Amino acid sequence: MMEKTYLDELNEPQRAAVTQTEGPVMIIAGAGSGKTRVLTYRIAHLIRSGVDPFNILSLTFTNKAAKEMRGRIETVVGNEARNLWMGTFHAVFAKILRIEAEKLGYPSNFTIYDTDDAKSLMKDLLREEGLDDKLYKPDVVLNRISAAKNNLYSWQEYQANVSFVSDDIASGRPKIGILFEKYVKRCFKASGMDFDDLLYNMHIVLSKFPEVLHKYQHKFKYILVDEFQDTNYAQYSILKKLAAAFENICVVGDDAQSIYAFRGANIQNILSFERDYPDLNVFKLEQNYRSTQTIVNAANSVIEKNQKQIKKQVWTSNGQGEKIQLLRALSDNEEGLMVANAIFETKVNKQWHNRDFAILYRTNAQSRSMEEALRKLNISYRIYGGLSFYKRKEIKDILAYFRLVINPHDEEALKRIINVPARGIGKTTIDKLIVTAAERDVSIWTLLEDPATNPAGFNAGTLTRLSEFITLIRSFQVKLKSVDAWELASHIASSTGLLRELYEDKTPEGLSRYENVQELLNGIREFTETGRSITPPGDEEPSQDPDQLRTLELFMQDIALLTDADDEAEKDDDVVSLMTIHAAKGLEFRAVHVVGLEENLFPSQMSLDSREDLEEERRLFYVAITRAESKLTISYANSRYRWGNLISCEPSRFLEEIAAEFIEEVGPRHVRKPLPFEDDRWDQRPALRTPRPAVSGQPKVNVTAKPVPGKLKKLSSTEVRSFVGSESSDIQSGMEVIHERFGRGKVLLVEGKSPDLKATVFFPGVGNKQLLLKFAKLQIVAS
DNA sequence: GGAGGCCTCGGAAGG
DNA sequence: CGAGGCCTCC
């Protein structure tokens, strides 16, 4: 990569954003406008212009984004990318905090508590304080604490804040301030930082120690931030501090794609940025390279309904493309079938692959009906966002051993495995340990370690078992610095009996658990042997030394903030992707199905009380639409099962917000109409492709009018059955049939043998179609 | 101390 | 409906 030819690959505003290397820069990047390309080229350009990669910090929100970006930069600038600091906010700050830990009174091997650890600790605290966990739901309390930390409030400031305190009193939870204090102290005692602490403490260390601030200000002379609209106040404040010396800070974001306000992201940061840097250069990337004109314009017509937004006009020079198809189904199951059928047909008609398709939904529960339908048509798929590798019990158990060996004060790890595998240390004993340790203000480990202290008068048997446990953990600890990660990890896995216990479980689940642990151990082996590391490198990083022993401690630091296993191989699989819209952010697919466009589902019921929340839902819809490159299909059902009950649904208000010119309705027209065989009107050419101004008002009246649960349930399921279940095997040539998409047609030929009968059908206005009878679900109208 | 039945409750999700 | 938490019973 010698010359700056890469600049020729950029459009005008992109190039301007890349070459304006000095001073504060904000890039407002519309959907599909080449944001990642601009970020990577900007870094490449900095390096080409003589900036030492060592002085560049690039921050992202997800490990996935960090990894992808690093890969892309390496292809542009090669090896030099090595010294770049690139990673998630949390990973980079964790790395710095390990270096600076002692200034805050933490050991550098502090544990990072995940949300499960936090929850378990909070439950203990609630019990100790004698508080009702129905009222003080751990999640509610933790959210409150999290919000405080993300806005840089200490527990002292929280307790002194009239507004916080009166809110808590009003909500009937006056003790939250106390819980905040106890939680922070207990984490500290355990040498643990939760995710929010990584931000909060980073801010503290920069604020309280001018020499630390100076050091990192001069290290990170150039700072880049991706997904800026997702930053919270703490992150913004840290960025401002770090950038204060040189003000070479470049943030990239799109206010229209801010979908994480519910967890503290603050769009205000975009406005604050303009205010805080008066000489800010703003670039707007408005040309969309991803989608058809129809899709881009439809997305614009939706997002313009939001009051709060930064003005921009996203456009594309791509072709107009097909209209957006709107499918309406009677039930969630039928919606699944329609979506699966549509995918099947598009695959056949356009010769596309499974991997070209995505099904996006608002809630995970919606995946079930999609899965069932895809399975019926034998279409391979993958669901994203299930239980991630590192959240599995067997993985967490073994990692808890590693954590405890590295940091014996890690109370959550200790509680987790002190009786796993069962060694006769039960709940009563553990409870006594927790309470006694809290009373004496020491960690459980300190309590156990001191032989002079018989904690809470345990009997001889219990004492023996406890001391055996201590001996076991100590036997691992002494190896920590002397053997490599793989050796110690496999030693722990086998000598604790964890591996044997899983091995002996021959159920399918047990087998899979055993395999998961093996997979983890393989990962550790790879780490040990190849030294491959995921987190950002740095000058102070000991693992950079090739002679450095690859210890378990280094491995744990490497994976502490990982939430998912590496899924390199998965990209090759030809599967349809199923995921929530949140999970789809940043991705693109040739064909996208957005399903479940119903009131109270999308927009979510919980968003209807405030305009802000509704606008976030609308941005979510915008994100969903803009994932599609060339074919977008949206759908809804008139009824669906929710928590075991059949409920009726109204079409989403978002459907009306797409300008009607971009939509065509396809599919069965039996909504609020008699079924085909009951009505002569179906002899006429079906209302196919009639650009009806989508779902305007009428259905609302109709659908919700009769909320008689029993009746509704029965009626609906029969209707569905009669639609889906028509016997297609006796279809013969010469028959008149109705197809859910193509309307009425005439069967010209039936060939193949059951169950793979294939019919050639002529549909007026559409042409000849080859249809597999087992999938096409043709209705026979006349012989 | 552990297994199994009963009850409750349900949002999206990064690190 | 289904997962996870809690309680009871052995």
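The model shown is predicted, which means the values in this text are computed figures rather than measured ones. (Residues numbered from 1 in each chain as written. Chains lettered and ligands numbered in written order. Predicted model: local features only at pLDDT ≥ 70, side-chain atom pairs only at ≥ 80, totals over all residues. Heavy atoms only, no water.)

Peer 1: Where do I start with the sheet that holds strand β9 (residues 324-329) in this structure?
Peer 2: Where strands meet in a sheet, backbone hydrogen bonds hold them as pairs that are either parallel or antiparallel. Spatial ordering of the open sheet is given by β11-β12-β10-β13-β14-β9-β17, a layout of seven strands whose pairing is parallel. Sheet topology places β11 (381-383) and β17 (663-666) at the edges, where each strand pairs with a single neighbour. Across the sheet, the mean angle from the axis of one strand to that of its neighbour is 25°, orientation sign disregarded. When β9 meets β17, the two strands line up parallel, connected through four bridges. When the bridges of β17 are listed, L326 appears paired with E665. Packed onto the sheet, helix α16 (residues 367-376) meets β10 (357-361), β11 and β12 (576-580) and runs at close to 160° relative to β11. (Pairing = 2+ DSSP bridges. Helix = DSSP H or I, 4+ residues; strand = E, 2+ residues; numbered from the N terminus. Axes fitted to C-alpha atoms, helices over the stretch in contact; angles between N-to-C directions. Contact = heavy atoms within 4.5 Å.)

Peer 1: What should I look at first to understand the pairing of strand β15 (residues 639-642) in this one?
Peer 2: In this sheet, strand β16 (residues 645-648) lies alongside β15 in antiparallel orientation, the contact comprising four bridges. Bridging from a neighbouring strand, Y641 pairs with L646 of β16. Between the end of β15 and the start of β16, which pair antiparallel, lie two residues, with W643 showing a positive phi angle near 55°.

Peer 1: Explain the protein's contact with DNA strand C here, please?
Peer 2: Surrounding DNA strand C, one finds D133, W643 and G644. Among atoms of DNA strand C positioned within 4 Å of the protein, sugar and phosphate together represent 22%. Within the contact set of DNA strand C, a base nitrogen lies 3.4 Å away from a backbone nitrogen or oxygen of W643. (Near = heavy atom within 4 Å. Polar contact = N/O pair within 3.5 Å; in protein donor to acceptor, adjacent residues only side chain to side chain.)

Peer 1: Explain the pairing of strand β6 (residues 222-225) to me, please; I cannot follow it from the model alone.
Peer 2: Consecutive side chains along a regular strand alternate between the two faces of the sheet. Neither face of β6 is left uncovered, since the one carrying Y222 and L224 and the one carrying I223 and V225 both have all their residues buried. Running through helix α12 (residues 233-243), the crossover from β6 to the neighbouring parallel element strand β7 (residues 249-253) is right-handed. (Buried < 20%, exposed > 50% of the residue type's maximum accessible area, 1.4 Å probe, protein only. Right-handed = clockwise from strand over helix to strand, strands pointing away.)

Peer 1: Honestly, the nonpolar core in this entry has me stumped. Any pointers?
Peer 2: Of all hydrophobic cores here, the largest spans 52 residues; its most connected members are F402, L520, L552 and F555. Here this core takes nine residues from helix α17 (residues 393-406), the largest share from any one element. For L520, the residues in contact, after removing those within four places along its chain, are F389, Y390, I395, I398, L399, F402 and F555. If you look at the next biggest cluster of nonpolar residues, it comprises 49 residues, including F209, I223, F228 and F273. (Core = buried A, V, L, I, M, F, W, Y, C linked by side-chain atoms within 4.5 Å.)

Peer 1: Hey, could you run me through the protein's contact with DNA strand B in this one?
Peer 2: Residues in close proximity to DNA strand B total 31 residues, the closest being N63, R362, G426, T563 and T580. Sugar plus phosphate: this is where 41% of the atoms of DNA strand B within 4 Å of the protein reside. Within the side chain of T88, one N or O atom sits 3.4 Å away from a sugar or linking oxygen of DNA strand B. One of the side-chain nitrogen or oxygen atoms of W643 is found 3.1 Å away from a base nitrogen of DNA strand B.

Peer 1: Looking at this structure, how should I read the sheet that holds strand β2 (residues 56-60)?
Peer 2: With parallel pairing, six strands are arranged side by side in an open sheet as β3-β2-β6-β7-β1-β8. Here the strands that pair on one side only, and so sit at the sheet edges, are β3 (85-88) and β8 (281-285). Within this sheet the neighbouring strands show an average axis-to-axis angle of 15°, counted without direction. Direction of pairing for β2 relative to β3: parallel, over a ladder of four bridges. By the bridge assignment, S58 is partnered in β3 with M86. Running over the sheet, helix α3 (residues 63-77) touches β2 and β3 and is turned about 155° from β3. Set on the sheet, helix α4 (residues 89-100) makes contact with β2, β3 and β6; between it and β3 the angle comes to about 120°.

Peer 1: What is the right way to look at the packing of aromatic side chains in this model?
Peer 2: Each pair of aromatic rings is reported with the distance of its centres and the angle of its planes. As enumerated under the stated definition, the model contains 22 aromatic pairs in all. Look at Y106 and F110: their rings are 6.1 Å apart centre to centre, the planes differ by 70°, and that puts the pair in the edge-to-face class. Like Y106, the residue F110 is buried in the burial classification. Among the aromatic residues, those joined into a ring-pair cluster are Y153, Y158, F164 and F180. When the ring centre of F527 is taken as origin, the NZ or CZ atom of R550, which lies over that ring, is 4.1 Å away. Positioned above the aromatic ring of W643 is the side chain of R642, whose terminal nitrogen or guanidinium carbon lies 5.4 Å from the ring centre. (Phe/Tyr/Trp six-rings, centres within 6.5 Å; stacked < 30°, edge-to-face > 60°. Lys NZ or Arg CZ within 6 Å of the ring centre and 35° of its normal.)

Peer 1: So what exactly am I meant to see when it comes to the pattern of salt bridges here?
Peer 2: Opposite charge on two side chains permits them to pair, given that their charged atoms come into close proximity. What the rule picks out here adds up to 55 salt bridges. Across the pair K396 and D114 runs a salt bridge whose closest N-O atoms are separated by 2.9 Å. Within this pair, whereas K396 is found in helix α17, its partner D114 is found in the loop between β4 (111-113) and α5 (115-128), the two being separated by 282 residues in sequence. R362 is paired through a salt bridge with E617; the nearest N and O atoms lie 2.7 Å apart. In this pair, R362 is assigned in the loop between β10 and α16 and E617 in helix α27 (residues 611-625), connecting sequence segments 255 residues apart. Take R362 and E617: they sit in the same class, and that class is buried. (Salt bridge = Lys/Arg side-chain N within 4 Å of Asp/Glu carboxyl O.)

Peer 1: What exactly am I supposed to notice about unusual backbone geometry here?
Peer 2: Glycine aside, residues mostly have negative phi angles, and peptide bonds mostly take the trans form. Residue V420 is joined to P421 through a cis peptide bond whose omega torsion reads -5°. With respect to the helices and strands, the residue P421 is situated in the loop between α18 (411-417) and α19 (427-440). Here the residue pair F602 and P603 is connected by a cis peptide bond, since its omega of 10° sits within 30 degrees of zero. Look at S191: it is not a glycine, yet its phi comes out positive at around 55°. Tracing the backbone shows S191 in the loop between α9 (176-189) and β5 (192-194).

Peer 1: Please clarify how the environment of L554 should be interpreted in this entry.
Peer 2: As for its placement among the helices and strands, L554 is situated in helix α25 (residues 552-559). Judged by its relative accessible area of 11%, L554 is buried. Separated by 70 residues in sequence, L554 and D484 have C-alpha atoms that sit 9.6 Å apart.

Peer 1: Just checking my understanding: could you explain the side chain of E335 for this structure?
Peer 2: In this structure, E335 sits in helix α15 (residues 332-350). Side chain to side chain, E335 and S635 meet in a polar contact 2.9 Å long. Dropping the residues within four chain positions of it, E335 is found in contact with A329, M370, V595, G596, S635, Y636, A637 and R640.

Peer 1: Quick question: what am I supposed to make of α25 here?
Peer 2: Helical periodicity: at 3.6 residues per turn, an α-helix aligns residues three or four positions apart in one direction. With seven of eight residues buried, α25 is to be regarded as a mostly interior element. Of the residues making up α25, those classed as buried are L552, E553, L554, F555, M556, D558 and I559. Lining the buried residues of α25 we find α17, α22 (485-495) and α24 (508-530).

Peer 1: How should the packing of helix α1 (residues 12-19) against helix α2 (residues 35-48) be read in this particular structure?
Peer 2: When two helices pack together, you describe them by how their axes are tilted relative to each other and by the distance separating the axes. Running from amino to carboxyl end, α1 crosses α2 at an angle of 40°, the nearest separation of the two axes being 8 Å. With respect to their mutual orientation, α1 and α2 come out oblique. Here α1 and α2 pass one another in a crossing that is right-handed. Where α1 approaches α2, its residues Q14, A17, V18 and T19 are matched on the opposing element by V38, Y41, R42 and H45. (Parallel < 35°, antiparallel > 145°, perpendicular 65-115°, else oblique. Left-handed = near helix turned anticlockwise from the far one by under 90°.)

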